[in-house]
Amino acid sequence: MKPWILALLCATSFAYAKPYETAPDMPPTAQAALAQYQHNYVDESPKLVERVDKIVAYFDKDGKRVEQPEKRGYYRVHVGTLADGNVLVQDFYSDTQTKQTDKFVLQAKDLLDFGKHPLNPFHVTYQPNGEVFIFSHRNHQRAVASVYDNGQMVMTAIWQLNDNDDAIGAKFYRPNGRLLSHAKGNVRVMGQAVSDFFDSQERKIGQYTAYGGDGSRFEVIVYHNNGKILSKYNEKGI
């Protein structure tokens, strides 16, 4: 899975030094997301100056490059090169050979990097069965995405397109579309990234702290409605 997607799903990158922002309204269903995506998607294939159509890399389930196909992994096809030097690529699931994405544009230096966000304004990631998994669009240095499960939106997030893909805010939804909780990121202090989680009534229900910047060391605190600590968990000796 692409790192920027993993960060989105785990909500573990809420580290930034700017005010919290709310993601704009996103399509509430996967069907609506697909319709909006198809309306805006532009296939760059006719603009190719060089056609390649060759598998150039395999990745494991975490998006790390490997020498051959792996179970639950992915592979990338280099479709061709555009006049500006950027490359057109498409990713597939190794197990099913079904598309994980449509064709999208990357800088040439990122051809073999599974974690880079597409240059296309609109992007969709599909599940192996062909259903929409994540719909995203970008505007300058901001990206917004929505995640779908069983055809319904379960999460939205907005983040900065920088070296860390720092998240700014996220919302989590119940199957009926009602808000379940949301997260706000706080400033990074002494290498620590802190995220606070709130329910639909703005009561703080949790706090996540990442140490060291890579998310491998962290602490999670869950609160009662009265503000007292319900449980506390840390990983790797914090």
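Conventions adopted
- Residues numbered from 1 in each chain as written.
- Predicted model: local features only at pLDDT ≥ 70, side-chain atom pairs only at ≥ 80, totals over all residues.
- Heavy atoms only, no water.
- Helix = DSSP H or I, 4+ residues; strand = E, 2+ residues; numbered from the N terminus.
- Buried < 20%, exposed > 50% of the residue type's maximum accessible area, 1.4 Å probe, protein only.
- Contact = heavy atoms within 4.5 Å.
- Phe/Tyr/Trp six-rings, centres within 6.5 Å; stacked < 30°, edge-to-face > 60°.
- Pairing = 2+ DSSP bridges.
- Arc of directions from axis to C-beta.
- Salt bridge = Lys/Arg side-chain N within 4 Å of Asp/Glu carboxyl O.
- Polar contact = N/O pair within 3.5 Å; in protein donor to acceptor, adjacent residues only side chain to side chain.

**Overview of the overall build of the chain**
Argument step 1. When its secondary structure is counted, the chain shows 2 helices and 15 strands.
Argument step 2. For the chain, the proportion of its 238 residues judged to be buried stands at 46%.
Argument step 3. In the chain, of all internal contacts separated by at least 6 residues, the share reaching a separation of at least 24 is 37%.

**Section: the packing of aromatic side chains**
Argument step 1. Inspection of every chain in the model, using the stated rule, returns 7 aromatic pairs.
Argument step 2. Pairing F122 with F135 gives two aromatic rings, centres 6.3 Å apart and planes at 20°, and the pair type is stacked. Of the two residues, F122 is situated in strand 6 (residues 122-126) and F135 in strand 7 (residues 132-139); the sequence distance between them amounts to 13 residues.
Argument step 3. A residue is classified by how much of its surface remains accessible, and F135, at 0% relative accessible area, is buried.
Argument step 4. One aromatic cluster is present, formed by F59, Y74, Y93 and F114 through successive ring pairs.

**Some details on the sheet that holds strand 1 (residues 48-59)**
Argument step 1. Here 5 strands make up an open sheet; going across it, the order is 2-1-3-4-5 and the pairing antiparallel. Every other strand in the sheet has two partners, leaving strand 2 (65-66) and strand 5 (104-106) as the edge strands with one partner each.
Argument step 2. Pairing geometry for strand 1 and strand 2, over 2 bridges, is antiparallel. Paired with F59 across the bridge in strand 2 is R65.

**Some points on helix 2 (residues 30-40)**
Argument step 1. Where helix 2 is concerned, the buried positions are A30, A33 and Y37. The buried residues of helix 2 occupy an angular sector of 60° when projected down its axis, which confines them to one face. Exposed and facing more than 90 degrees away from the buried side of helix 2 are Q31, Q38 and H39.
Argument step 2. Close packing links the buried residues of helix 2 with strand 6, strand 7 and strand 8 (142-149).

**A look at the pattern of salt bridges**
Argument step 1. One pass over the structure, following the stated rule, counts 6 salt bridges.
Argument step 2. The partner of R76 in a salt bridge is D91, with the nearest N and O atoms 2.7 Å apart. Here R76, found in strand 3 (residues 74-82), pairs with D91, found in strand 4 (residues 87-93); they are 15 residues apart in sequence, far enough to count as distant.
Argument step 3. Accessibility expressed as a relative area gives 0% for D91, which makes it buried.
Argument step 4. Of the charged contacts in the structure, one is a salt bridge between D102 and K99, with a shortest N-O distance of 2.6 Å.
Argument step 5. By relative accessible area, D102 is classed as buried at 13%.
Argument step 6. Owing to a relative accessible area of 34%, K99 belongs among the partly exposed residues under this scheme.

**With respect to the environment of F59**
Argument step 1. Within the secondary structure, F59 is located in strand 1.
Argument step 2. For the pair F59 and P69, spaced 10 residues apart in the sequence, the C-alpha separation amounts to 7.2 Å.
Argument step 3. Excluding its chain neighbours within four sequence positions, the residues that come into contact with F59 are K64, R65, V66, G73, Y74, Y75, R76, L112 and F114.

**Here's the deal with the environment of T98**
Argument step 1. Relative to the helices and strands, T98 is located in the loop between strand 4 and strand 5.
Argument step 2. For T98, a relative accessible area of 28% gives the class partly exposed.
Argument step 3. Not counting residues within four places of it along the chain, the set of residues in contact with T98 comprises F92, Y93 and P128.
Argument step 4. Polar contacts involving the side chain of T98 include one to the side chain of T96, which spans 2.5 Å.

Bear in mind that shape data such as this cannot, by itself, settle questions of function.
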